[in-house]
Amino acid sequence: DAKTTQPTSMDCAEGRAANLPCNHSTISGNEYVYWYRQIHSQGPQYIIHGLKNNETNEMASLIITEDRKSSTLILPHATLRDTAVYYCIVRLWGDKIIFGKGTRLHILP
Amino acid sequence: SAVISQKPSRDICQRGTSLTIQCQVDSQVTMMFWYRQQPGQSLTLIATANQGSEATYESGFVIDKFPISRPNLTFSTLTVSNMSPEDSSIYLCSVEFQRETQYFGPGTRLLVL
């Protein structure tokens, strides 16, 4: 079973920051937090991952709380192309990925 | 990153037949995975395929129904055997790259009539 809890769906206005929350209260000390997204009719796309420090790349930022029980994925300037299902996943380094239901993000024009 | 291709991209099959899906990667990888995504659902892991060993199947999936081959470090096949309409899904392969993250192929869309 997935070890994360995410809202079923969210809306965000185009050009605004999209903040997607994820709860992972049972995360163990050596499990990483990963985010993927799946745009309609495509395979999942890797976005970002982190262990305990906040991370940023060209796609997004990942904010992990100090107790590591939750995290937030931030898309700084959402565009219509960011409409997708976003999956928050916790896993050990190199382990298989188990997907939950994810958050369906709608970017509104 | 790794570039992954799958063949066929889509197919329509008759019940009782079998379909073999191919997954090709542009670099050598140790771990490959096969997933199924039923209509409107999330992805479900079918099995892990490491080169040189038998595939490891997740609960609810068996080798007789989903035989997997992994002949080398860049290629794998998944066969969906004795198909029924309930097997209509998207089948995706993914690879573990440098033990850091997984990259996914575009998927094979299967419709069983």
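To start, this report covers the structure provided alongside it. Remember, predicted model here, so these are calculated numbers, not experimental data. (Residues numbered from 1 in each chain as written. Chains lettered and ligands numbered in written order. Predicted model: local features only at pLDDT ≥ 70, side-chain atom pairs only at ≥ 80, totals over all residues. Heavy atoms only, no water.)

### As for the packing of aromatic side chains
In step 1: Throughout the structure, instances matching the rule amount to 12 aromatic pairs over all chains.
In step 2: Pairing Tyr36 of chain A with Phe99 of chain A gives two aromatic rings, centres 6.2 Å apart and planes at 65°, and the pair type is edge-to-face. Of the two residues, Tyr36 of chain A sits in strand E3 (residues 31-38) while Phe99 of chain A sits in the loop between strand E8 (84-92) and strand E9 (103-108), which places them 63 residues apart along the sequence. Across the pair, exposure class does not vary: Tyr36 of chain A and Phe99 of chain A are buried alike.
In step 3: Arranged with centres 5.1 Å apart and planes meeting at 85°, the rings of Tyr87 of chain A and Phe99 of chain A form a pair that is edge-to-face. Taken together, the positions of Tyr87 of chain A in strand E8 and Phe99 of chain A in the loop between E8 and E9 put the pair 12 residues apart, joining distant regions of the chain.
In step 4: Look at Tyr87 of chain A and you get buried, because its relative accessible area is 2%.
In step 5: Three or more aromatic residues joined by ring pairs make a cluster, and in this case those are Tyr32, Tyr34, Tyr36, Tyr46, Tyr87 and Phe99 of chain A together with Tyr35, Tyr103 and Phe104 of chain B. (Phe/Tyr/Trp six-rings, centres within 6.5 Å; stacked < 30°, edge-to-face > 60°. Helix = DSSP H or I, 4+ residues; strand = E, 2+ residues; numbered from the N terminus. Buried < 20%, exposed > 50% of the residue type's maximum accessible area, 1.4 Å probe, protein only.)

### With respect to unusual backbone geometry
In step 1: Here the residue pair Lys7 of chain B and Pro8 of chain B is connected by a cis peptide bond, since its omega of -10° sits within 30 degrees of zero.
In step 2: Of note, Pro8 of chain B is situated in the loop between strand E1 (4-7) and strand E2 (10-13).
In step 3: Backbone geometry places Arg68 of chain A, a non-glycine residue, at a positive phi of 65°.
In step 4: Along the chain, the position of Arg68 of chain A falls in the loop between strand E6 (61-64) and strand E7 (70-75).

### Some details on the interface of chain A and chain B
In step 1: Taken residue by residue, the interface counts 20 residues in chain A and 19 residues in chain B.
In step 2: Here chain A packs against chain B, burying approximately 1,500 Å² in sum over the two surfaces, 49% of which is carbon and sulfur.
In step 3: In terms of surface lost to chain B, no three residues of chain A exceed Trp93, Lys96 and Phe99 of chain A, which account for 29% of the buried area on that side.
In step 4: Summed over the shared surface of chain A and chain B, the number is 2 salt bridges.
In step 5: Ionic pairing is found between Arg91 of chain A and Glu96 of chain B, a salt bridge with its closest N-O pair at 3.2 Å. (Contact = heavy atoms within 4.5 Å. Buried area = accessible area lost by both parts, 1.4 Å probe. Salt bridge = Lys/Arg side-chain N within 4 Å of Asp/Glu carboxyl O.)

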